[in-house]
There are 2 protein chains.
Amino acid sequence: MSGKDKKKRVKPQALKGFRDILPEEMNAREKIIATVRQVFESYGFNPIASPALEYKEILCGYGDEASKQIYTFTDPDDKEVGLRFDLTVPVSRIVAQYRDLPRPFKRYQIQSVWRYDKPDPGRFREFIQFDIDTIGTKSLMADSEILAAMNDSLSKFGVKFRIRYSSRKILSSMIKFAGIDEDLTKDVLRVIDKLDKQGLENVKLELGQGRTDDSGDKIPGLDLNPDQIAKIEQYLLLPNSERKETIFALRALLGDVEGAESNIAELEQIDQFLRAMKVPDENIVIDPSIARGLDYYTGPIYEAILLDAPRFGSVMGGGRYDKLIEIFAGQPTLVVGASIGVDRILSALQFLGKMKSRAAVADVLVTVMDKNRLTDYLKLAGELRAAGIKTEVFLGKEGSIGKQLKYADKQGHPFAIIIGEDEFNAGEVGLKDLRKIEDMDEEITDRDEWLKARVGQQTLKRTALIPTLLNLLK
Amino acid sequence: MSGKDKKKRVKPQALKGFRDILPEEMNAREKIIATVRQVFESYGFNPIASPALEYKEILCGYGDEASKQIYTFTDPDDKEVGLRFDLTVPVSRIVAQYRDLPRPFKRYQIQSVWRYDKPDPGRFREFIQFDIDTIGTKSLMADSEILAAMNDSLSKFGVKFRIRYSSRKILSSMIKFAGIDEDLTKDVLRVIDKLDKQGLENVKLELGQGRTDDSGDKIPGLDLNPDQIAKIEQYLLLPNSERKETIFALRALLGDVEGAESNIAELEQIDQFLRAMKVPDENIVIDPSIARGLDYYTGPIYEAILLDAPRFGSVMGGGRYDKLIEIFAGQPTLVVGASIGVDRILSALQFLGKMKSRAAVADVLVTVMDKNRLTDYLKLAGELRAAGIKTEVFLGKEGSIGKQLKYADKQGHPFAIIIGEDEFNAGEVGLKDLRKIEDMDEEITDRDEWLKARVGQQTLKRTALIPTLLNLLK
């Protein structure tokens, strides 16, 4: 590829609707993923992975709306194939295909999915999904431990959150209680699902005669009668801040409905299991009004919101869906699972200022002042790494300290080490603190004083460097 | 999705040439990836990710053989797109596209790539690549620290290995030394590259008149004259077990060739940098005979082999390729990088018995004997998790202890906890050691005694359980 056979230059651009993830964002995502994964592993969930490409027939197995969004094509073997659009289809196939998987089978899967969708700012055609499922058990311990693990994960992010659970079965009891035809269940739940976003009055209008939305479009109603709507309203207004109280109120409202008691008892059983696992009561509530959009849920349903960032919606959610895998397995297969909204959590934490990420994973940049001492810089770096300090040596053109510190500052290295001829001869090192005030946990009382102290370069004995850094990085 | 609208069952199968990765293998892979990644992060390499789909024009930018293996199709926007077949094209595009990336830019990327290739046992059309690059520096410190990081990574796997390095420039000096036309360089290197697999005699035949291979096919030769071949042989037989000795021998052989001295000095500079970083001498040698197949290398080249598993070939390898990114960037861009062969390392470690992986990440299975005590089992599990012990509670149908222990044994949980009514009342727990002899590090002198002791269930005071387990898991 010398000058004479140089090829025409290709314009460098990512495919429309897709994006690259550069170090600063990758490091933040990796932190979130590692945190949640570690928690779910501590509950005994194990990783699996599946191919990006599947037979089109498999991807379209559920035959629903999603099919339209699937990237499909004919592969060189002349097979109709497509890129997976979720991780539920692959795990369904896997469970049906490998008959000797243990039961229960507890898996998690963190992989990209692809959807041909209208690209919006912040909405991409490839995104990561992080799904967790327990397959093959009807025990409510399975549902409860997913709730507990959600609690444990969110607790690690230092933000206020609330996990709300309910059950599709309770919603069915409510439908019965309101005297609504069972066939209307799906439509009623679809409307109830809008409660958080549209508010109670709009939901009531949509249950009844319909309404006109902000842009003047007519949204047709379900034509329920006022008594039915009043009963749904009673249900939606049940207390939802304390689990025992909600259970008591559910019994009071629905106690006479046939079959309701066993559905309430399930919610109560989960309550007991959560307390056994010492999940703080205030973190998980029963909220009868949640409906979860997807109509494949069959039992408990749940979702988590960040209390100071509600506009990001549900950051984790899931439920029991005992019939979905049937299409591959040929018979109902008990499944309870959750999805972790990695990108939503990231956006919300960034919005709340709780995600301090930097492009550089390294803790220290060793600047290079003296090109005759390269081996000495590398030697020092080796010693720092051996002590567990992530250390980058500046590999660009040596010399200008300003340029190197600018590099460190841009990349977000918290510390830089500066050693010139004098320091080498004196057995000393210069240590520069590059941390930004906004990234510090400490209270800054006198900003000027602090800044002066911070940007001031300490000179240390070489022997004191590692203990000092380890202490600063603690 | 009730009985009446049940859909036709779809046969569950992965696409031909693709595979699912189930927990036991995933856990092993994750271990390898985490180990190597941690090492490279300690050198200041940062993660990036790129989309699976790219414009076809970009993927085919290099116009080489690879293009034939790319999965391409027309997307719903009517654009010609394809699945990435390596991670070098994406990083080249990224470096050209984002002009404000820091220089040097040190990245690693761990993502799947897709190649339409003849599927063989153990060879798949989707596989993970793990690439590391330092972009934008000519400093040999960059090459040296990749070698050092390769050493640090491989050292963690507990196997004997050797990293060999050389340089494309030295090979050019050798071509000059042998009096071979520069235009033949690529062909000569292609033949030399076969040295490990075909042996010296076959290489010499292919440099000369050609040979007939085992299946009777004629392999044409390069028609070099005997003097030229003798000179190449001299070069290939240079000592390669001790860096200083190799440098001395290179000077003796090539010292008079124009330009060779500065090329030898580069290898020597790397030698010095490696010693500064305290890389054990025996782990990295200079081997003038390595050529590395890909013809885009322009400077140092290197590869690692496992000494007790040579048939797995190079498990990590790379080099400097300063001109490849030119196609996107419009100008030569300095790059030095390496690829980690995750699947090869995994296969080799499994072959050497050095990868003890299990399907279960959990350390302990809490079996469930008494269905009236479910909250007590969950409470215990919560306490174990709080102490940092990964704990799975058996979520299947409670009762049969045999079935539950079989589950643990199959999944590879090292320990099981058994508590029935009596133990609950006495404040005791039964602890069963399920580890297999082959997974134990200790020397077993009396297998029968050990087995008896091992399968024997200890009964402990409940208060002693956590300290005992933490000690056993250390």
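Residues numbered from 1 in each chain as written. Chains lettered and ligands numbered in written order. Predicted model: local features only at pLDDT ≥ 70, side-chain atom pairs only at ≥ 80, totals over all residues. Heavy atoms only, no water.

1. A look at the pairing of strand 4 (residues 80-83) of chain B
All names here are of chain B.
Stage number 1. Looking at chain direction, strand 2 (residues 53-55) and strand 4 are connected through three bridges and run antiparallel. Directly across from Glu 54, in strand 4, lies its bridge partner Gly 82.
Stage number 2. Two elements, strand 3 (residues 72-74) and strand 4, share three bridges in a ladder whose sense is antiparallel. Each residue of the ladder has a partner; that of Thr 74, found in strand 4, is Glu 80.
Stage number 3. Here strand 3 folds back onto strand 4, and the loop between the two strands holds five residues, one of which, Asp 78, carries a positive phi near 70 degrees. (Pairing = 2+ DSSP bridges. Helix = DSSP H or I, 4+ residues; strand = E, 2+ residues; numbered from the N terminus.)

2. Some points on the interface of chain A and chain B
Reports of interface size often rely on the accessible area that becomes lost once the parts have come together.
Stage number 1. Each partner contributes to the interface: chain A provides 104 residues, whereas chain B provides 104 residues.
Stage number 2. Note on chain A versus chain B: buried area summed over both sides is about 9500 Å², and carbon and sulfur give 63% of it.
Stage number 3. Here chain A is connected to chain B by six salt bridges.
Stage number 4. The partner of Asp 20 of chain B in a salt bridge is Arg 93 of chain A, with the nearest N and O atoms 2.7 Å apart.
Stage number 5. The interface formed by chain A and chain B includes 32 residue pairs in polar contact (both at pLDDT 80 or more).
Stage number 6. A per-class count over the side of chain A that touches chain B returns 55 nonpolar, 18 polar and 31 charged. (Contact = heavy atoms within 4.5 Å. Buried area = accessible area lost by both parts, 1.4 Å probe. Salt bridge = Lys/Arg side-chain N within 4 Å of Asp/Glu carboxyl O. Polar contact = N/O pair within 3.5 Å; in protein donor to acceptor, adjacent residues only side chain to side chain. Nonpolar A, V, L, I, M, F, W, Y, C, P; charged D, E, K, R; others polar.)

3. Digging into the environment of Glu 245 of chain A
All names here are of chain A.
Stage number 1. Relative to the elements of secondary structure, Glu 245 occurs in helix 10 (residues 243-254).
Stage number 2. Residue classification places Glu 245 among the partly exposed residues on the basis of a relative accessible area of 39%.
Stage number 3. For the pair Glu 245 and Ser 339, spaced 94 residues apart in the sequence, the C-alpha separation amounts to 28 Å. (Buried < 20%, exposed > 50% of the residue type's maximum accessible area, 1.4 Å probe, protein only.)

4. Digging into the relation of the copies chain A and chain B
Stage number 1. Expressed as a screw operation, the relation of chain A to chain B combines 0.0 Å of axial shift with a rotation of 180 degrees, fitting to an RMSD of 0.0 Å. These values place the two chain copies in the arrangement generated by a two-fold rotation axis. Ranked by how close their C-alpha atoms come to the rotation axis, the residues of chain A are headed by Phe 73 of chain A, at 3.2 Å.
Stage number 2. With an isologous cut-off of 70% or more, the 100% of interface residues of chain A that recur at the interface of chain B puts this contact in the isologous class. (Least-squares fit on C-alpha atoms with pLDDT ≥ 70 in both.)

5. Examining the confidence of the model for chain A
Do not read the predicted coordinates in detail wherever pLDDT is low.
Stage number 1. Across chain A, the average pLDDT comes to 90, with 92% of residues at 70 or higher.
Stage number 2. Quick note on the complex model: pTM equals 0.91, ipTM equals 0.91. (pLDDT = per-residue confidence, 0-100.)

6. A closer look at helix 3 (residues 88-97) of chain A
Residue and element names in this part refer to chain A.
Stage number 1. Summarising burial for helix 3: nine of the 10 residues are buried, a large majority.
Stage number 2. Every buried residue of helix 3 is listed here: Thr 88, Val 89, Pro 90, Val 91, Ser 92, Arg 93, Ile 94, Val 95 and Ala 96.
Stage number 3. Where helix 3 is buried, its residues touch strand 2 (53-55), helix 2 (56-59), strand 5 (105-114), strand 6 (126-135) and helix 12 (326-329).

7. Here we look at the sheet that holds strand 10 (residues 284-286) of chain A
All names here are of chain A.
Stage number 1. With mixed pairing, the eight strands of this open sheet are ordered in space as 1-5-6-13-12-11-7-10. The strands lining the two open edges of the sheet, one partner per strand, are strand 1 (46-47) and strand 10.
Stage number 2. As paired strands, strand 1 and strand 5 are joined by two bridges and run parallel to one another. Pairing of Asn 46 across the sheet is with Arg 107, part of strand 5.
Stage number 3. In the packing of helix 11 (residues 260-276) onto the sheet, the strands contacted are strand 7 (161-167), strand 10 and strand 11 (300-306), and the crossing angle to strand 7 comes to about 145 degrees. (Axes fitted to C-alpha atoms, helices over the stretch in contact; angles between N-to-C directions.)

8. A short note on helix 10 of chain A
All names here are of chain A.
Stage number 1. Across its 12 residues, helix 10 extends 16 Å between first and last C-alpha, which sits within 8% of the 16 Å expected from 1.5 Å per residue.
Stage number 2. Buried within helix 10 are the following residues: Arg 243, Thr 246, Ile 247, Ala 249, Leu 250, Leu 253 and Leu 254. One side of helix 10 holds all its buried residues, which, seen down the axis, span an arc of 165 degrees. The outward face of helix 10, more than 90 degrees from its buried face, is lined by the exposed residues Phe 248 and Ala 252.
Stage number 3. On its buried side, helix 10 packs onto strand 7, helix 5 (168-177), helix 9 (226-236), helix 11 and strand 10. (Expected span 1.5 Å × (residues − 1). Arc of directions from axis to C-beta.)

9. Some remarks on the pattern of salt bridges
Residue and element names in this part refer to chain A.
Stage number 1. One pass over the full model with this rule turns up 74 salt bridges over all chains.
Stage number 2. Between Lys 160 and Asp 308 there is a salt bridge whose closest N-O contact spans 3.9 Å. Linking Lys 160 in the loop between helix 4 (140-155) and strand 7 with Asp 308 in the loop between strand 11 and strand 12 (314-320), this pair joins segments that are 148 residues apart in sequence.
Stage number 3. Through salt bridges with shared partners, one network takes in Arg 164, Asp 196, Asp 287, Arg 292 and Glu 303.

10. Considering the sheet that holds strand 5 (residues 105-114) of chain B
Residue and element names in this part refer to chain B.
Stage number 1. Judged by pairing direction, the sheet is mixed, and its eight strands sit side by side in the order 1-5-6-13-12-11-7-10 without closing on themselves. Here the strands that pair on one side only, and so sit at the sheet edges, are strand 1 (46-47) and strand 10 (284-286).
Stage number 2. Bridge analysis of strand 11 (residues 300-306) against strand 12 (residues 314-320) gives five bridges, and the strand direction is antiparallel. Residue pairing for strand 12: Tyr 302 is matched across the bridge by Gly 318.

11. Re the side chain of Glu 233 of chain B
All names here are of chain B.
Stage number 1. Tracing the sequence through the fold places Glu 233 in helix 8 (residues 226-236).
Stage number 2. Separated by 3.0 Å, the side chains of Glu 233 and Lys 204 make a polar contact.
Stage number 3. When near neighbours in sequence (up to four residues on either side) are disregarded, Glu 233 contacts Leu 200 and Lys 204.

12. Thoughts on a positive patch on the surface
Stage number 1. A cluster of like positive charges, contributed by Lys 138 of chain A together with Lys 371, Lys 397 and Lys 403 of chain B, occupies part of the molecular surface.
Stage number 2. Along the chain, Lys 138 of chain A falls in the loop between strand 6 and helix 4.
Stage number 3. Lys 138 of chain A sits in the exposed class, given a relative accessible area of 63%. (Patch = residues over 30% accessible without salt bridge, like charges linked within 9 Å, V, L, I, M, F, W, Y side chains within 5 Å. Areas by Shrake-Rupley, 256 points an atom, 1.4 Å probe, with all protein chains shown as cover. Lys, Arg positive; Asp, Glu negative; His and termini not counted. Charge placed at Lys NZ, Arg CZ, Asp CG, Glu CD.)

13. Quick word on unusual backbone geometry
All names here are of chain A.
Stage number 1. Of note, the amide linkage connecting Arg 103 to Pro 104 takes the cis form, showing an omega dihedral of -5 degrees.
Stage number 2. If you trace the backbone, Pro 104 turns up in the loop between helix 3 and strand 5.
Stage number 3. You will see that Asp 78, though not glycine, has its phi angle at about 70 degrees, which is positive.
Stage number 4. Of note, Asp 78 is situated in the loop between strand 3 (72-74) and strand 4 (80-83).

14. Concerning the packing of helix 6 (residues 185-192) of chain A against helix 8 (residues 200-207) of chain A
Residues and elements named next belong to chain A.
Stage number 1. Interhelical geometry of helix 6 versus helix 8 gives an angle of 155 degrees and a closest axis separation of 9 Å. Put simply, helix 6 runs roughly antiparallel to helix 8. Between helix 6 and helix 8 lies a crossing of right-handed hand. Of the residues in helix 8, those touching helix 6 at Val 188, Val 191 and Ile 192 are Val 203, Glu 206 and Leu 207.
Stage number 2. Classifying every residue of the contact of helix 6 with helix 8 gives five nonpolar, no polar and one charged. (Parallel < 35°, antiparallel > 145°, perpendicular 65-115°, else oblique. Left-handed = near helix turned anticlockwise from the far one by under 90°.)

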